[in-house]
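Understanding the architecture of this molecule
Okay, here's what each chain looks like letter by letter:
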Amino acid sequence: MKEYPNSARILAENRQYIPGGAVSLNRVAGPDIVFVRGAGSRLHDADGNEYIDYHAAFAPHFLGHNDPYVNEAVDRAMRGGASLYGSGTTELEGRLARMVCEHVPCAESAQILNTGSEATYQALRAARGITGRDHVIVMQGGYNGWHNDVACNLMTPLAQIGPRISPGEYPFLPISAGIPKAHQALVHPVNFNDLDSVRWVCERYPIAALITEPILQNIGVVHPQPGYLAGLRALADEFGFVLIFDEVKTGFRHGLGGYAAIAGVEPDMAVFGKAIANGYPIAVLAGKRRFMDVFADADPVRRVLLAGTYNGHPSPTMAAIATIERLRMDDGAVYRHTDRLGALLEAGVLQITRELGIPAAFRRQGSAFCLYFMDHAPVDWHDLAGNHPFAADDAMRHALIERGIYFFPLATKQGSISAAHTEDDIARTLEAWAEVLALPAIQQSLPASSAR
Ligand SMILES: Cc1ncc(COP(=O)(O)O)c(C=O)c1O
């Protein structure tokens, strides 16, 4: 096992001043590597190792680390005197909101916040304000941020949730202490790809909103089945709840209009973050005017408060503008490039697994991918948790990291290709992947049913 002495020293020092040693404990999964530099498709750590990066900091870096076009646009704006004014509007925030409305089909107006969690929080609060109802539906195996409404049921062991329920809902199992019981009673997790359960919940509770990632991308890449998103749209119309697509991971990475544009289904509101600004901290909440107008209702009783000292800060706002400019250059060349590399990787991995006799479902949407050791594409969390060998996945990631290929070292976390990746990166990755999947330790951690 490789050692990372400088990383270990920095972490030990940081633990004296930061609980757990890092500012997001979602980022801590061994091996404890401290990165010191990112450039294009590469990461460098404190011990002098270089990696081809597929983690992309949980997916924002769609153009690659430190994209020069984006960085220069930000530098130019800041050197030109742009600052945070905290008074009135700015030309920049208007420009970004207009760009989002130009590309995202459901977006008739937009608000700018700092993080995906803030944006999903505000979307749900708006839905409650609009409908006058308190209950919300979330997805088992989905992730929409850290706040009380959504901090539940992500990668919960099946021993805790029990077998698949349909139609019906799962208990809210907090992934955080401190969520009031009364609040938990308002949140109804159902399985993805299960319309009957959504109907079941809607017939029992006054539902304000359903929030879902249109592809579950915090447990890899779990696609909606044909008709599922359209079915959610129809249920929203029938029961009068607000349909919110959390496109924090899917938006702009899969296309300028978000995954909703690809699927041809319009939510009422949609939330964007991550790839929209290539690593700068920003999120956008967009939607139909009749819903978004709740943030500016002339009646203070009906108005939903949306505020934030840093909303529309010029640095991330300029980064988002420049990122969208880059994404629309050459008629979407970035999407063509990343999709082509994704297809190369997919074909290569499937060839390796075929030759080794390993059951494999390589799930991919453009530049986002995940390899499951399953004989079929997972449809929901129960399917995945019941059939994918997490220990083998973890071991594979650790072995790839040892060979200079960086995936987040936690089973089922999405791989992300960027515009900065090259065919050579993919070839080197496949070489390492072939070596790793042939390791006896990996083979032994695959289930007996996959005997070769
Ligand atoms: C789909 C999705 N929604 C919301 C969030 C929360 O965004 P943030 O971490 O910027 O608060 C995340 C973060 O990973 C996410 O993946």
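First, a word on scope: everything that follows refers to the structure included in this document. (Residues numbered from 1 in each chain as written. Predicted model: local features only at pLDDT ≥ 70, side-chain atom pairs only at ≥ 80, totals over all residues. Heavy atoms only, no water.)

1. Observations concerning the overall build of the chain
Within the chain one finds 16 helices and 14 strands. The globule rule puts the C-alpha radius of gyration for 452 residues at 22 Å, and the 22 Å found for the chain is close to it. With the C-alpha coordinates aligned to their principal axes, the bounding extent of the chain is approximately 65 × 55 × 50 Å. Counting every position in the chain, which comprises 452 residues, the buried fraction comes to 56%. (Helix = DSSP H or I, 4+ residues; strand = E, 2+ residues; numbered from the N terminus. Rg over C-alpha atoms; globule rule 2.2 N^0.38 Å. Buried < 20%, exposed > 50% of the residue type's maximum accessible area, 1.4 Å probe, protein only.)

2. A word on the layout of surface pockets
Approximately 590 Å³ is the volume found for the second largest pocket. As for the second largest pocket, its lining consists of 29 residues, and the residues nearest its centre are Gly88, Thr89, Glu93, Asn311 and Gly312. Mapped by element, the contributors of at least two residues to the lining of the second largest pocket are helix 3 (91–103) and strand 4 (109–113). Residue contributions to the lining of the second largest pocket peak at five residues, all from helix 3. (1 Å grid on protein atoms, 1.4 Å probe; cavity = no way out; pocket = protein on both sides within 12 Å on 5 of 7 lines; lining within 4 Å. Points joined across faces, edges and corners; volume = space filled by probe spheres on them.)

3. Some details on the packing of helix 12 (residues 333–356) against helix 15 (residues 423–437)
Viewed as axis vectors pointing N to C, helix 12 and helix 15 meet at an angle of 20°, and their least axial separation amounts to 10 Å. The orientation of helix 12 with respect to helix 15, classified from their angle, is roughly parallel. Crossing of helix 12 against helix 15: the hand is right-handed. Counted together, Arg340, Leu341, Leu344, Leu345, Gly348, Val349, Ile352, Thr353 and Leu356 of helix 12 and Glu423, Ile426, Thr429, Leu430, Trp433, Ala434 and Leu437 of helix 15 form the full contact between these two elements. Of the residues in the contact of helix 12 with helix 15, the class split is 11 nonpolar, three polar and two charged. (Axes fitted to C-alpha atoms, helices over the stretch in contact; angles between N-to-C directions. Parallel < 35°, antiparallel > 145°, perpendicular 65-115°, else oblique. Left-handed = near helix turned anticlockwise from the far one by under 90°. Contact = heavy atoms within 4.5 Å. Nonpolar A, V, L, I, M, F, W, Y, C, P; charged D, E, K, R; others polar.)

4. A closer look at the site of the ligand
With respect to spatial proximity, the complete set of residues near the ligand consists of Thr115, Gly116, Ser117, Tyr143, Asn144, Gly145, Glu213, Asn218, Asp246, Val248, Lys249 and Lys274. Interatomic distance of 3.5 Å between a backbone N/O atom of Tyr143 and a nitrogen atom of the ligand. When the ligand sits alone it has 390 Å² of accessible area, and the protein chains cover 84% of it. Its residues assigned to classes, the shell around the ligand comprises two nonpolar, six polar and four charged. (Near = heavy atom within 4 Å. Polar contact = N/O pair within 3.5 Å; in protein donor to acceptor, adjacent residues only side chain to side chain. Areas by Shrake-Rupley, 256 points an atom, 1.4 Å probe, with all protein chains shown as cover.)

5. Notes on the side chain of Asp383
Its place among the elements puts Asp383 in helix 13 (residues 381–387). Arg164 is the oppositely charged side chain nearest to the buried, salt-bridge-free Asp383, at an N-O distance of 5.4 Å. In terms of polar contacts, Asp383 uses its side chain to reach the backbone amide nitrogen of Val379, at 3.0 Å. When neighbours within four sequence positions are excluded, Asp383 is seen to be in contact with Arg164, Met374, His376, Ala377 and Pro378. (Lys, Arg positive; Asp, Glu negative; His and termini not counted. Salt bridge = Lys/Arg side-chain N within 4 Å of Asp/Glu carboxyl O.)

6. Considering helix 14 (residues 390–402)
Between its first and last C-alpha atoms helix 14 spans 19 Å; for 13 residues at 1.5 Å apiece the expected length is 18 Å, and the two agree. Buried residues of helix 14: Ala392, Asp393, Met396, Arg397, Ala399, Leu400 and Ile401, and no others. Buried residues in helix 14 make contact with strand 3 (50–53), strand 12 (368–372), strand 13 (405–406), helix 15 and helix 16 (440–445). Positive phi shows up at Gly404, right after helix 14, with a value of about 85°. (Expected span 1.5 Å × (residues − 1).)

7. Looking at the sheet that holds strand 7 (residues 207–212)
Strand order in the open sheet formed by seven strands is 4-10-9-8-7-5-6, with mixed pairing between adjacent strands. Each edge of the sheet is formed by a strand with only one pairing partner; in this case those strands are strand 4 and strand 6 (187–190). Averaged over all adjacent pairs, the angle separating strand axes in this sheet is 20°, with direction ignored. One ladder, built from four bridges, connects strand 7 with strand 8 (residues 242–247); its direction is parallel. Following the sheet pairing, Leu210 is matched in strand 8 by Leu243. Here helix 4 (residues 116–131) sits on the sheet and contacts strand 4, strand 5 (135–139), strand 7, strand 8, strand 9 (269–272) and strand 10 (283–287); the angle it forms with strand 7, its principal contact strand, is near 155°. (Pairing = 2+ DSSP bridges.)

8. Describing the pairing of strand 5
In terms of burial, strand 5 is largely enclosed, as five of its five residues are buried. Here strand 5 shows a buried face lined by His135, Ile137 and Met139 and a second buried face lined by Val136 and Val138. Pairing between strand 5 and strand 7: three bridges, direction parallel. Bridge pairing links Val136 to Ala209 in strand 7.

9. A short note on the packing of helix 7 (residues 195–202) against helix 8 (residues 228–239)
Remark: helix 7 packs on helix 8, axes separated minimally by 10 Å, with the N-to-C direction vectors making an angle of 15°. Classified by the angle between their axes, helix 7 and helix 8 sit roughly parallel to one another. Of the two possible hands of crossing, helix 7 and helix 8 adopt the one that is right-handed. Within the contact between the two elements, helix 7 uses Leu195, Val198, Arg199 and Cys202 and helix 8 uses Tyr228, Gly231, Leu232, Leu235, Glu238 and Phe239. The residue inventory of the contact of helix 7 with helix 8, partitioned by class, reads seven nonpolar, one polar and two charged.

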